[in-house]
Every structure is written in C-alpha cells, then in structure tokens.
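Given next are the chains, with one letter for each unit.
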There are 2 protein chains.
Amino acid sequence: MTDEYFQQQAYREACRAFEEEEVPVGAVVVIRDTIVARGYNQVEKLNDATAHAEIIALTAAFQYTGSKYLPEATIYITVEPCLMCAGALYWSKIGRIVYGAHDEKNGYRKHLSIQADNKDQPWPFHPKTVLSAGLLGETCAQLMKDFFKERRKSRW
Amino acid sequence: MTDEYFQQQAYREACRAFEEEEVPVGAVVVIRDTIVARGYNQVEKLNDATAHAEIIALTAAFQYTGSKYLPEATIYITVEPCLMCAGALYWSKIGRIVYGAHDEKNGYRKHLSIQADNKDQPWPFHPKTVLSAGLLGETCAQLMKDFFKERRKSRW
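Each chain has its residues counted from 1, running along the sequence as written. Written order decides the labels, with chains lettered from A and ligands numbered from 1. In view of the model being predicted, local features appear only for residues whose pLDDT reaches at least 70, and side-chain atom pairs are presented and counted only at 80 or more, with totals across whole chains, interfaces and linings using the full set of residues. Based on all heavy atoms of the structure, the side-chain values leave hydrogens and waters out of the count.

**With respect to the interface of chain A and chain B**
The parts lose accessible area when they come together, and the size of an interface is often stated as this lost area.
Line of reasoning, step 1. Throughout, a residue-residue contact means that at least one pair of heavy atoms, one from each residue, lies within 4.5 Å. Each partner contributes to the interface: chain A provides 29 residues, whereas chain B provides 29 residues.
Line of reasoning, step 2. Buried area counts how much accessible surface, traced with a 1.4 Å probe, disappears from two parts once they are put together, with both parts' losses summed. Both sides of the chain A and chain B interface together cover about 2500 Å² of buried area, and 61% of this is carbon and sulfur.
Line of reasoning, step 3. Salt-bridge contacts for K68 of chain A lead to E44 of chain B; the nearest nitrogen and oxygen are separated by 3.0 Å.
Line of reasoning, step 4. The term polar contact refers here to a pair of N or O atoms within 3.5 Å; inside protein, the definition further demands a hydrogen-donor-capable atom paired with an acceptor-capable atom, and it admits residues adjacent in sequence only when both atoms are side-chain atoms. Our enumeration of links across chain A and chain B arrives at 14 residue pairs in polar contact (both at pLDDT 80 or more).
Line of reasoning, step 5. The secondary structure listing takes helices from DSSP runs of H or I that are at least 4 residues long and strands from runs of E that are at least 2 residues long, numbered from the N terminus. Going through the elements one at a time, α2 (43–46), α3 (53–65) and α4 (83–92) of chain A are the ones with two or more residues in the side of chain A that touches chain B.
Line of reasoning, step 6. Top contributing element to the side of chain A that touches chain B by residue count: α4 of chain A, with 7 residues.
Line of reasoning, step 7. A class-by-class count of the residues in the side of chain A that touches chain B yields 15 nonpolar, 11 polar and 3 charged. Any carboxyl oxygen of Asp or Glu within 4 Å of a side-chain nitrogen of Lys or Arg constitutes a salt bridge here. Only Asp, Glu, Lys and Arg are considered charged in this grouping, and only Ala, Val, Leu, Ile, Met, Phe, Trp, Tyr, Cys and Pro are considered nonpolar; every other residue, Gly among them, is considered polar.

Take a look at the structure:
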C-alpha cells in the first residue's frame with residue numbers, strides 16, 4: 001500500500017465529515033500497512049470543540065493497540081493539524097505524520113511561527129517523529145473550500 | 001467564592017490523580033461561581049495520551065452547557081497546560097484561565113518560546129481569554145515533585 005492510498009482513505013473520512021456538515025477533516029492511523037483507526041471531525045455532532053479527526057483517530061488507535069504510544073504508526077490527515085492536535089501527536093510519540101492541505105489560519109505552524117522550507121525551527125512533535133506535508137493537498141484543500149463557500153465564509 | 005477556593009478544588013482533583021498513580025494534575029470549570037465540570041489526569045487509566053485533566057474537564061463542561069464555546073467560564077488548573085491543552089482551550093474560547101505551577105518541561109510556553117513577564121509574545125488562546133498564573137503554585141508543584149520523587153524521576 002502507498003501513502004497515496006492511505007491519504008485517500010483519510011480523504012474518505014473527510015468526506016463523511018462534509019456530508020454531516022462538519023468542517024471536512026479526516027484521519028486514519030496505519031500500522032504495518034493496516035488501518036487500525038479512523039476519525040473525522042465531529043465537533044458539531046458531539047458538541048465538543050476537542051472532537052477533531054486526529055484526536056478521535058488517536059484515541060481509537062490507543063484502544064486498538066493497548067498502548068498510549070504509537071512509535072510504529074503513521075497518521076494520515078487531510079489538513080495540517082492545529083496546535084491542540086499537534087500537542088496530542090507529541091504525546092502519542094507517533095512515528096510519522098502525513099498531512100495534505102496547509103492551514104494558514106489554524107495550522108500549528110502559525111502559532112509556532114514556522115515558515116515553509118526552513119528546517120531549523122520549533123518542532124512540536126516527538127524528536128523521532130517524521131513529517132511529510134502536501135500529499136493530495138489540493139484535493140483536501142478543495143473540500144475545505146467547498147465547505148466554507150457553501151457557508152459564505154471566506155476561510156479557505 | 002474566591003479564586004483560591006476553586007483552585008483548591010482543582011487541587012483536590014489533582015490529589016485524586018495522585019492516589020490513582022496518575023501524574024497529579026487536576027482542573028475544574030466554573031461558571032457564575034458554580035463548578036460545572038471537574039477533571040483529573042487519566043492517561044494511564046484510560047490508556048489515552050490525550051486524557052489530560054483539562055481535556056476531560058472541558059469535554060464535561062461542553063456537555064453541561066450544551067455549547068462548544070465557554071466564554072463565561074473560568075478553568076482552574078493545578079499545572080500550566082501543555083501545547084495540546086492550550087490548543088483545546090483556544091477552541092473553547094474560554095473566558096479565563098487560572099493555573100498554579102509552571103511546567104518548564106511540557107508547558108505550552110516552552111514550545112512557543114514565551115518568556116516570563118513579557119506580554120508581547122505569541123498567544124495561543126482566544127484573544128479575549130484572560131490568564132492568571134501561579135495561584136497555589138508551590139502547593140501544586142509540590143504534589144508533582146512528590147509524585148516523580150516516588151518514581152525516581154527527576155522531572156519536578
């Protein structure tokens with residue numbers, strides 16, 4: 001299985017959020033080529049500002065593995081994680097993070113004043129965590145744009 | 001009721017965590033002089049790296065109020081929130097944050113490179129959120145020290 005396949009699966013989760021009128025972000029957690037957890041944004045449904053796709057997927061992965069650390073796992077996320085989710089990923093010691101669209105407004109890099117293409121900057125994740133950004137980025141960003149366009153908001 | 005009273009209540013929550021062999025952090029959420037939600041660290045019990053006192057208390061407060069925003073609420077926390085919890089507090093738009101002990105290792109200020117007593121710095125919370133640090137700080141820090149001393153770790 002490829003990164004693109006798993007990112008497509010995260011995108012499917014984001015589409016579920018879209019259909020349920022949630023901000024369309026999705027995530028899957030993969031260990032040894034197997035999806036062990038899925039999540040999509042459920043802030044409205046659960047009436048819980050912390051119910052982001054990543055938090056839901058991580059919690060499910062902790063339950064699946066029986067461990068609160070996920071060094072062998074990769075999380076695929078459709079959109080750059082926010083500060084809260086970056087912090088959750090730090091605690092999880094996740095092995096690898098792949099995300100799609102950049103989020104200029106609420107992405108973790110904004111708060112950490114991180115510029116693109118500069119490696120010598122604050123790193124909120126575990127020191128061993130590997131990060132890849134931009135996979136299916138345009139597709140993931142388009143879903144966000146469509147969502148906010150329908151609501152006449154101009155965020156994306 | 002005073003801030004000190006409510007911080008004592010957060011400390012009681014931290015003591016519950018201590019008794020259950022969790023890192024001893026506690027939190028309460030107060031709206032109009034009433035405690036509407038409580039939480040203590042349950043990372044080990046729930047096997048979930050995101051089960052911090054603040055996240056548990058915020059989620060309970062969202063349920064109690066029926067709203068995912070808490071502009072009229074104050075959260076009392078025994079220890080400086082980490083990056084994840086700072087992010088959760090951002091999303092909650094909480095009115096006020098009172099915390100006790102500083103956390104040099106995992107507090108949100110470390111990742112944001114925030115120095116003490118400098119107001120002109122990155123602000124991870126909602127623009128209207130008011131912050132007070134240090135209330136019962138030594139008491140809250142001592143509980144942490146006692147916890148890590150028993151485990152022969154040197155963090156506190």
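**Observations regarding the relation of the copies chain A and chain B**
Line of reasoning, step 1. Least-squares fitting of chain A to chain B yields an RMSD of 0.0 Å, with the transformation described by 0.0 Å of translation along the axis and a rotation of 180°. What the superposition gives is, in effect, a two-fold axis relating one chain to the other. Identified as the residue of chain A closest to the rotation axis by C-alpha distance is M84 of chain A, at 2.0 Å.
Line of reasoning, step 2. With an isologous cut-off of 70% or more, the 100% of interface residues of chain A that recur at the interface of chain B puts this contact in the isologous class. Copy-to-copy superposition: least squares on the C-alpha atoms, limited to residues that have pLDDT of at least 70 in both copies.

**Considering the confidence of the model for chain A**
Line of reasoning, step 1. Every residue is assigned a pLDDT by the predictor, reflecting its confidence on a scale from 0 to 100. Looking at chain A as a whole, its pLDDT mean stands at 93, while 92% of the residues score no less than 70.
Line of reasoning, step 2. Reported for the predicted complex are a pTM of 0.93 and an ipTM of 0.92.

**Re the packing of helix α1 (residues 3–19) of chain A against helix α6 (residues 137–150) of chain A**
All names here are of chain A.
Line of reasoning, step 1. Two elements in contact, α1 and α6, have axes whose closest approach is 11 Å; the angle formed by their N-to-C orientations is 5°. Judged on the interaxial angle alone, α6 and α1 are roughly parallel. Here Y11, A14, C15 and F18 of α1 come into contact with α6, specifically with T139, C140, L143, D146, F147 and E150.
Line of reasoning, step 2. Residues belonging to the contact of α1 with α6 are distributed by class as follows: 7 nonpolar, 1 polar and 2 charged. Inter-axis angles, ranging from 0 to 180 degrees, are taken between N-to-C directions of lines fitted to C-alpha atoms, where helices are fitted over the stretch in contact. When an angle is under 35 degrees it counts as roughly parallel; over 145 it counts as roughly antiparallel; between 65 and 115 it counts as roughly perpendicular; any other value is oblique.

**What to know about the packing of α4 of chain A against helix α4 (residues 83–92) of chain B**
Line of reasoning, step 1. One way to put it is that α4 of chain A packs onto α4 of chain B with a least axis distance of 7 Å and a crossing angle of 155°. The angle between α4 of chain A and α4 of chain B falls in the class roughly antiparallel. At the point where α4 of chain A passes α4 of chain B, the crossing takes the left-handed sense. Residues L83, M84, G87, A88 and W91 of chain A of α4 of chain A pack against L83, M84, G87, A88 and W91 of chain B of α4 of chain B.
Line of reasoning, step 2. Classifying every residue of the contact of α4 of chain A with α4 of chain B gives 8 nonpolar, 2 polar and no charged. Crossing handedness follows the turn of the near helix against the far one: under a right angle anticlockwise gives a left-handed crossing, and clockwise gives a right-handed one.

**Re the pattern of salt bridges**
Line of reasoning, step 1. Inspection of the entire model under this criterion finds 16 salt bridges over all chains.
Line of reasoning, step 2. Notably, a salt bridge pairs D3 of chain A with R96 of chain A, separated by 2.5 Å at the nearest N-O pair. Remark: R96 of chain A occurs in strand β4 (residues 96–101) and D3 of chain A occurs in helix α1; sequence separation between them is 93 residues.
Line of reasoning, step 3. When the shortest N-O distance is used, the salt bridge between R38 of chain B and E13 of chain B registers 3.0 Å. Pair noted here: R38 of chain B is in strand β2 (residues 34–40) and E13 of chain B is in helix α1 (residues 3–19), with a separation of 25 residues, a long-range link.
Line of reasoning, step 4. For each residue, the accessible area found with a 1.4 Å probe, counting protein chains only, is set against the maximum for its type, and the residue is called buried under 20%, exposed over 50%, and partly exposed in between. A relative accessible area of 3% means that E13 of chain B is categorised as buried.
Line of reasoning, step 5. Beyond isolated ion pairs, a larger network of salt bridges with shared partners links E13, R16 and R38 of chain A.

**Focus on the nonpolar core**
Line of reasoning, step 1. To define a nonpolar core, start from buried Ala, Val, Leu, Ile, Met, Phe, Trp, Tyr and Cys residues and group those joined through side-chain atoms within 4.5 Å. Membership of the largest hydrophobic core comes to 82 residues, with the highest contact counts inside it found for I75 of chain A together with I75 of chain B.
Line of reasoning, step 2. Not counting residues up to four positions away in its chain, the partners in contact with I75 of chain A are A27, V28, V29, E54, L58, L89, I94, R96, I97 and V98 of chain A.

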